[in-house]
Amino acid sequence: MDIGIDLGTANTLLYARGQGIVLNEPSVVAVHGDSRKALSVGTEAKETIGRTPGSIVAIRPLRDGVISDFEAAEEMIRHFVRKAVPGRKSRTRMVVCVPSGVTQVERRAIVHASQRAGAKSVHLIEEPMAAAIGAGLPVSDPRGSMVVDIGGGTTEVAVISLGGIVTSQSLRVGGDRLDKAITDYVRKEHGLLIGERTAEDTKVAIGSAWPVPGSNGLEERTFTVRGREKVGGLPKTLLLTAREVRAALDEPVESIITAVLATLEECPPELAGDVMEYGIVLTGGGALLPGLDLRMASATGIPVFVADAPLDCVVLGAGKCAEDFEGLEKVLQAV
């Protein structure tokens, strides 16, 4: 059985050869604080974040796209593979996505965790390459294709041609950083402490990177958050506006734009001309942030498009490698 895995900071997706995407769950493991025994994994474990007693700890095994808790990551991969592909043969070949900026030590940690979870062989593919393949870009052609993959922990910016990454930037800014920006803003401006789940809900509800008023009156939208007062510690309710949330997200969004501009500056002139003609493609959960494409297009002067099913592009790219391993073997990374 060949499996493609998008081992993401926020969510893990699995693609099984011949079956398509078979799993999409949060990258969270709930463990007993003393014994470190895993109690729940994935969706069930995410429900416990911020709500666990002292004896239970909800762990996110990956931070910034790399493994931060090896044992929890191993248990998570094993659980997901068993759940998604029950009764699989032991000779499982895995294609696992990794950020382009990870070190050799971090690469080996991902390979080792996958092997301990039951993989017979592990092959790595860089996330921007997987995202480009999943988005349907002609990565094997002698044409420059630019992809910006904004995940939970990292943003990967790359120009790809002839099956390789010509120039790239790996930025440890993603959905988590956007959530933290909202948390920090609410604490600083309103003296209210909110959790990461509340910040994420706020981002999804009224977050934006550019003023995008429309028929639904997005600019006038508000969202109610509940938290605890910084001074006094009492529960409090606050009404946030879309304008406030956009201001809170400005710094991390600007970091992403800066990385895109830096990548374009390093791009060979011929490939830069291709990017100008065919545009920039956004993938990952961050691509769904309203107005990000408009802001990036304004900053670069290049058309920007959001890929179809941006959340699935990376795992679809890994899955295509699993489906056509020999044909796409040259885009995989040696370990």
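Reading the values: the criteria
- Residues numbered from 1 in each chain as written.
- Predicted model: local features only at pLDDT ≥ 70, side-chain atom pairs only at ≥ 80, totals over all residues.
- Heavy atoms only, no water.
- Pairing = 2+ DSSP bridges.
- Helix = DSSP H or I, 4+ residues; strand = E, 2+ residues; numbered from the N terminus.
- Axes fitted to C-alpha atoms, helices over the stretch in contact; angles between N-to-C directions.
- Contact = heavy atoms within 4.5 Å.
- Buried < 20%, exposed > 50% of the residue type's maximum accessible area, 1.4 Å probe, protein only.
- Arc of directions from axis to C-beta.

A. Quick peek at the sheet that holds strand β5 (residues 38–41). The three strands are arranged β5-β4-β6 in an open sheet whose pairing can be described as antiparallel. Single-partner strands in this sheet number two, and they are β5 and β6 (56–59). Strand-to-strand, the axes of this sheet are offset by a mean angle of 20°, without reference to chain direction. Sheet topology places strand β4 (residues 29–32) next to β6; four bridges connect them, and they run antiparallel. Directly across from Val 29, in β6, lies its bridge partner Ile 59. Packed onto the sheet, helix α2 (residues 70–84) meets β4, β5 and β6 and runs at close to 55° relative to β5.

B. Inspection of helix α9 (residues 269–278) at higher detail. Within α9, burial applies to Leu 271, Asp 274 and Val 275. Mapping the buried residues of α9 onto a view down its axis gives an arc of 100°, with all of them on the same face. Counted as exposed and oriented over 90 degrees from the buried face of α9: Pro 269, Glu 270 and Glu 277. Those residues of α9 that are buried are in contact with β11 (145–150), β12 (155–161), β13 (164–171), α8 (250–266) and β17 (280–283). Just past α9, the residue Gly 279 takes up positive phi, approximately 90°.

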